[in-house]
Amino acid sequence: LINCSIPQWKKVVNQIERTFQEIPYQIFLSEFSGHITQLAIDAVQQGCKSLIIAGGDGSVNELVNGIITSQSFENSTDWNKVTDYTLGIIPMGTGNDFIKTLNKDLSLQNLKTHIVQNQRKIVDIGLAEFQNKENQTSQRYFINITDVGMGGIVVAELEKGSSFLSKSNRYKLQIAKTFLTYKKSEIKITAENYEFQGKVMNVILANGKFFGNGLGIAPEAELKDGLLDLVILGDIGIMDYLSNLSKVKKCQKLNHPQVFYQKTKEINIISADNRELPIDMDGEFVGYAPLKIINLSKRVYFYC
């Protein structure tokens with residue numbers, strides 16, 4: 001399954017054709033946002049058991065949701081059938097953050113080896129309930145990270161238009177702009193054996209370690225420990241951000257009085273000052289809090 005919004009997608013097709021000559025495969029091309037979810041359902045109906053996505057974290061998210069949807073009937077999911085399928089990633093997005101935790105070797109040849117030898121790992125996923133862009137209660141699965149606050153503003157602004165800059169550079173520029181202008185929200189967090197209320201810059205619920213194009217925000221996150229890593233960036237300023245950026249890039253924990261780490265299986269987040277709290281889910285703007293997230297342990301297989 002190939003995200004055709006990525007400029008180099010035709011080059012990827014050529015690379016796939018050269019690498020997988022002796023393995024039978026079928027290529028599905030996405031035509032619009034959200035199409036990958038439907039393509040995954042179509043691929044399952046055609047008997048595919050291995051589904052490989054060429055795209056970024058948002059594309060991986062769509063693939064995961066498509067696989068689960070394909071085995072969901074009358075508000076019930078047959079998770080045993082979900083584990084009959086194995087997903088793979090050809091990283092072609094802006095950040096490609098999930099695969100940084102899953103597998104450090106990103107080559108097509110390495111992916112081919114995993115497929116041929118059936119080398120795979122089962123990972124946790126998150127289930128989020130929130131208000132979508134149309135202000136309707138919605139549910140969606142995520143594979144890497146969901147965050148509220150500044151991160152949601154960044155991805156929401158990126159959706160508004162394009163520029164002469166690459167998407168990666170636009171992302172970095174938007175982070176800097178948002179950091180300078182964002183008014184911190186007062187939020188309330190309720191989790192297992194943990195409560196928090198106060199002003200925050202961002203609140204991150206992490207399955208993987210990285211987000212924001214390689215920022216190691218959750219150094220202790222594990223993909224199959226049955227828990228989400230909660231990272232709260234509280235009342236911090238631009239100098240705090242700049243002075244700790246090198247540590248975040250090295251995926252190191254921060255020793256700062258306004259940075260908090262917890263592990264939890266379930267969490268609720270609401271606004272305490274009636275301001276909108278935009279949500280970033282795997283690099284996409286999906287809606288607003290109130291937000292409820294639960295960890296679903298060991299639900300999806302990836303080649304690794």
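These figures come from a predicted structure and were not determined experimentally.

Chemist: Would you explain helix 2 (residues 35-45) in this entry?
Modeler: Along an α-helix, residues three or four apart share an orientation, since each turn contains 3.6 residues. For helix 2, every residue scored as buried is listed here: His35, Ile36, Leu39, Ala40, Ile41, Ala43 and Val44. Buried residues along helix 2 sit against strand 1 (50-55) and helix 3 (57-70). Phi turns positive, to about 95 degrees, at Gly47, one or two residues after helix 2.

Chemist: What am I meant to see in the nonpolar core here?
Modeler: Soluble globular proteins tend to bury their nonpolar side chains together. In this structure, Leu1, Leu51, Leu63, Val64 and Phe302 are the most contacted members of the largest nonpolar core, which totals 31 residues. Listing elements by their share of this core, those giving two or more residues are helix 2, strand 1, helix 3, strand 4 (86-91), helix 5 (98-102), strand 5 (120-132) and strand 15 (284-303). With near-sequence residues (within four places) excluded, Leu63 lies in contact with Leu1, Ile36, Ala40, Leu51, Ile53, Leu87 and Gly88. Counting residues in hydrophobic clusters, the runner-up holds 26 residues, among them Met150, Val154, Tyr182 and Ala221.

Chemist: Any chance you could explain the side chain of Asn65 here in plain terms?
Modeler: With respect to the helices, strands and loops of the structure, Asn65 is situated in helix 3. For Asn65, the side chain forms a polar contact with the main-chain oxygen of Asn61, separated by 2.9 Å. Here Asn65 is in contact with Thr37, Arg140 and Tyr141, once residues within four sequence places are set aside.

Chemist: Would you mind showing me how to read helix 6 (residues 108-116) here?
Modeler: Taken together, the buried positions of helix 6 are Leu108, Asn110, Leu111, Lys112, His114 and Ile115. Immediately downstream of helix 6, the backbone of Asn118 shows phi near 50 degrees, a positive value.

Chemist: Sorry, what's going on with the packing of helix 1 (residues 9-19) against helix 6 here?
Modeler: How two helices pack is summed up by the angle between their axes together with the distance between the axes. It is at 11 Å that the axes of helix 1 and helix 6 come closest, and there the two elements cross at 50 degrees. The pairing of helix 1 with helix 6 is recorded here as oblique in orientation. The two elements helix 1 and helix 6 cross, and the hand of that crossing is right-handed. On helix 6, the residues touching Gln15, Ile16 and Thr19 of helix 1 are Leu108, Gln109 and Lys112. The residue makeup of the contact of helix 1 with helix 6, split by class, is 2 nonpolar, 3 polar and 1 charged.

Conventions we followed
Residues numbered from 1 in each chain as written. Predicted model: local features only at pLDDT ≥ 70, side-chain atom pairs only at ≥ 80, totals over all residues. Heavy atoms only, no water. Buried < 20%, exposed > 50% of the residue type's maximum accessible area, 1.4 Å probe, protein only. Helix = DSSP H or I, 4+ residues; strand = E, 2+ residues; numbered from the N terminus. Contact = heavy atoms within 4.5 Å. Core = buried A, V, L, I, M, F, W, Y, C linked by side-chain atoms within 4.5 Å. Polar contact = N/O pair within 3.5 Å; in protein donor to acceptor, adjacent residues only side chain to side chain. Axes fitted to C-alpha atoms, helices over the stretch in contact; angles between N-to-C directions. Parallel < 35°, antiparallel > 145°, perpendicular 65-115°, else oblique. Left-handed = near helix turned anticlockwise from the far one by under 90°. Nonpolar A, V, L, I, M, F, W, Y, C, P; charged D, E, K, R; others polar.

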